[in-house]
Amino acid sequence: MIDTTIFQDKTAVYYTLGCKLNFSETSTIGKTLKEAGIRTARKGEKADICVINTCSVTEVADKKCRQAIHRLVKQHPGAYVVVTGCYAQLKPDQVANIEGVDVVLGAEQKGELMNYLGNLEKHPQGEAITTAAKDIRSFSPSCSRGDRTRYFLKVQDGCDYFCSYCTIPFARGRSRNGRIEEIVEQARQAAAEGGKEIVITGVNIGDFGKTTGESFFDLVKALDQVAGIERYRISSIEPNLLTDEIIEYVSRSRAFMPHFHIPLQSGSDDVLKLMRRRYDTALFASKIRKIKEIMPDAFIGVDVIVGTRGETEEYFEDAYRFIEGLDVTQLHVFSYSERPGTQALKIEYVVSPEEKHRRSQRLLALSDAKTKAFYTSHIGREAWVLMEKSKAGTPMHGFTDNYMECMIPTVGVYPIATANDKDQISAPLMSRFAVIDIPDYTPEEKKVIFSKFALPKVLKRMSLKAEECIMTEEALNEVIELYSNTSGIRDLEQAAEHIAANALYQIEVNHVEKVEFDAEMVRELLG
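The model shown is predicted, which means the values in this text are computed figures rather than measured ones.

## Description of the sheet that holds strand β15 (residues 330-335)
Taken together, the 3 strands give an open sheet; going across it, the order is β13-β14-β15, and neighbouring strands pair in parallel fashion. The sheet terminates laterally at β13 (259-265) and β15, the two strands that pair on one side only. Neighbour-to-neighbour, the strand axes of the sheet open up by a mean angle of 20 degrees, direction not taken into account. Two strands pair when backbone bridges link them, and β13 and strand β14 (residues 299-306) are joined in this way by 6 bridges, in the parallel orientation. Each residue of the ladder has a partner; that of Gln265, found in β14, is Val304.

Below is the structure:
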């Protein structure tokens, strides 16, 4: 039994890097500490506890984790510092040696963080407490509120796939999950709190059921019955685990949306073999065809890795042609990052950073074309939009069932949709909109669109912070000048994607901490 009296009126700050699953888990940690009497520190207030939930998907992610730890230690002198997450599990001793760190917790210990706070007395040396990946058995449930309507529900953790380029099985352990009965109860609680949409998260959610004798399809059917939840989205599911029965059920279900995120990783069968993926391009293409046959308006996002070891120019061209022929909506493009201890390091052929960047740019351009075509095909149609909480000074926005982002048309915003009835603009949650073409905007309005919406959205997707990709006023003006003859959101998002990709490239290759763009750099990049 923990004596929580010592935690009364104590404050904590939380910093999360990486995936939606990490954010969900941090939210649960925050709830646990709040129940013990620890409140979240206000902006500018010195905290008593710092919790950093880390990521280790790339070398850059590791660097960002170290920077975040150093920054929080400096901002909150004397605070009790706890570091957990994937980087903590993979490099516990390295993290423990960072000045100011008190406790490093692995994947098995993350859910019991309260047990390791002690009396909040600083340690003379950081202490690492982890469990070997093969022995990680616990499943820590979490359900976090992303905004006033959307929740993120963790249903599974760990992975048994051991792809040649990936460290996740070592960072999160073997595949395990909660029980359907318990997960459904969490969904009911989210509905009781006003949640309308739930994003189902995990590491390999299609593998759900290994530890409970259930199946992901069973879970989908059970969640669909929860009253009050109007929308579910499946965050990501392996193509070999996305069964036809799941696709068919989603097409006729009450609340599962026509929105899929499916990792392809490469469109070359030769590269897929090197990656040790469990499918080929024929199976992947069959899944896309199946979805589009019964849900022609479905949004399909696809993950692709460029420049992995062994990806020759010929293999990349094969991959490009395959992806070009897929009826998908958007590509999430990642440059391969070498991770210690992975089998991919045994592959001799290495792609240069410059070539990775070139291939990434080609796929980003292809993604732009596919997304623009998808949005254009919806002009003139109507759709229900679930509104989300907006930041101060920004318009309300939301998503259609098939994940098209829409905003209320006011000065300085870019509508993809407008209300049929102006009275609906004040509707708090769900409104029906007619999708229209994008109107012309003044240069000043375009600047707001780019700087307040397009660029932050792309930076978030690429796991970049605003302070790592800085635009001078002259650079912003140059973007607007170069795009003076365009009016669509996708054109400005395309500019943002090229700028963010260049910043990420410089951070990875030149090892700089931030990139500040001026007008000349923008002209060279976008002109």
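After presenting the structure, the write-up continues.
## Here's the deal with the environment of Glu513
Position of Glu513 relative to the elements: it lies in the loop between α15 (489-509) and β22 (515-517). Placed 46 residues apart in sequence, Glu513 and Glu467 show a C-alpha to C-alpha distance of 9.1 Å. When residues no more than four places from it in sequence are discounted, the contact partners of Glu513 are Gln67, Glu468 and Ile507.

## Let's talk about the packing of helix α13 (residues 443-461) against helix α14 (residues 473-482)
Two elements in contact, α13 and α14, have axes separated by 9 Å at closest approach and are oriented at 110 degrees. What the angle tells us is that α13 and α14 run roughly perpendicular. Between α13 and α14 lies a crossing of right-handed hand. Where α13 abuts α14, its residues Pro443, Lys446, Lys447, Phe450 and Ser451 lie against Glu473, Leu476, Asn477, Val479 and Ile480. Along the lines of polarity and charge, the residues of the contact of α13 with α14 split into 5 nonpolar, 2 polar and 3 charged.

## Regarding the pattern of salt bridges
If you walk through the whole model with that rule in mind, you get 32 salt bridges. Glu338 serves as the salt-bridge partner of Arg309, at 2.4 Å between the closest nitrogen and oxygen. Taken as a pair, Arg309 in the loop between β14 and α11 (313-324) and Glu338 in the loop between β15 and α12 (353-376) lie far apart in primary sequence, 29 residues in all. The class of Glu338 is partly exposed, set by a relative accessible area of 32%. Two residues, Arg358 and Glu355, come together in a salt bridge whose shortest N-O distance is 2.6 Å. On the criterion of helical spacing, the pair formed by Arg358 and Glu355 is a turn pair, its members being 3 residues apart in helix α12. Judged by relative accessible area, Arg358 falls into the partly exposed class, the value being 33%. On the basis of relative accessible area, Glu355 is assigned to the buried category, the value being 18%.

## Details of the packing of helix α6 (residues 180-192) against helix α7 (residues 216-223)
At a minimum axis separation of 10 Å, α6 and α7 run at an interaxial angle of 35 degrees. Relative to α7, α6 is oriented so that their crossing is right-handed. Seen from α6, the contacting residues are Ile180, Ile183, Val184 and Ala187; seen from α7, they are Asp218, Leu219, Ala222 and Leu223. Partitioning the contact of α6 with α7 into residue classes produces 7 nonpolar, no polar and 1 charged.

## A closer look at the sheet that holds strand β1 (residues 11-16)
Judged by pairing direction, the sheet is parallel, and its 6 strands sit side by side in the order β2-β1-β3-β4-β5-β6 without closing on themselves. In this open sheet, the two edge strands, each paired with only one partner strand, are β2 (39-40) and β6 (127-129). Pairing of strand β5 (residues 103-105) with β6, which is carried by 3 bridges, proceeds in the parallel orientation. Bridge assignment links Val103 to a residue of β6, and that residue is Glu127. Its contacts with the sheet place helix α1 (residues 20-35) against β1 and β3 (49-54), and it is angled at close to 170 degrees to β1.

## Overview of α11
End to end, α11 covers 16 Å across 12 residues, agreeing with the expected 16 Å (1.5 Å per residue, within 8%). Among all positions in α11, only Phe316, Ala319, Tyr320, Phe322 and Ile323 are buried. Summarising the axial view, the buried residues of α11 lie within an arc of 165 degrees, below the 170-degree limit, and thus occupy one face. On its buried side, α11 packs onto β13, α10 (281-294), β14, β15 and α12.

## Quick look at the packing of aromatic side chains
Considering all chains together, one arrives at 9 aromatic pairs under this definition. Taken together, a centroid distance of 4.5 Å and an interplanar angle of 10 degrees make the contact between Phe399 and Tyr403 stacked. In this arrangement the basic side chain of Lys154 is found over the ring face of Phe139, its NZ or CZ atom lying 5.0 Å from the centre. Against the face of Phe217 rests Lys221, its NZ or CZ located 4.3 Å from the ring centre.

## So, the environment of Leu331
With respect to the helices and strands, Leu331 occurs in strand β15. Spatially, the C-alpha atom of Leu331 lies 7.1 Å from that of Leu364, the residues being 33 residues apart in sequence. Excluding its chain neighbours within four sequence positions, the residues that come into contact with Leu331 are Val302, Val304, Ile323, Leu363, Leu366 and Ser367.

## Some remarks on the state of the cysteines
The final tally for this structure, using the stated rule, is 0 disulfides. The thiol sulfur of Cys55 is not disulfide-bonded, and the nearest other cysteine sulfur, from Cys65, lies at 6.2 Å. For Cys55, a relative accessible area of 14% corresponds to the buried category. Cys166 takes part in no disulfide bond, and the closest cysteine sulfur, belonging to Cys163, lies 6.2 Å away.

Thresholds applied
- Residues numbered from 1 in each chain as written.
- Predicted model: local features only at pLDDT ≥ 70, side-chain atom pairs only at ≥ 80, totals over all residues.
- Heavy atoms only, no water.
- Pairing = 2+ DSSP bridges.
- Helix = DSSP H or I, 4+ residues; strand = E, 2+ residues; numbered from the N terminus.
- Axes fitted to C-alpha atoms, helices over the stretch in contact; angles between N-to-C directions.
- Contact = heavy atoms within 4.5 Å.
- Parallel < 35°, antiparallel > 145°, perpendicular 65-115°, else oblique.
- Left-handed = near helix turned anticlockwise from the far one by under 90°.
- Nonpolar A, V, L, I, M, F, W, Y, C, P; charged D, E, K, R; others polar.
- Salt bridge = Lys/Arg side-chain N within 4 Å of Asp/Glu carboxyl O.
- Buried < 20%, exposed > 50% of the residue type's maximum accessible area, 1.4 Å probe, protein only.
- Expected span 1.5 Å × (residues − 1).
- Arc of directions from axis to C-beta.
- Phe/Tyr/Trp six-rings, centres within 6.5 Å; stacked < 30°, edge-to-face > 60°.
- Lys NZ or Arg CZ within 6 Å of the ring centre and 35° of its normal.
- Disulfide = S-S within 2.5 Å.

Remember that the coordinates give geometry; whether it matters functionally is a separate question.
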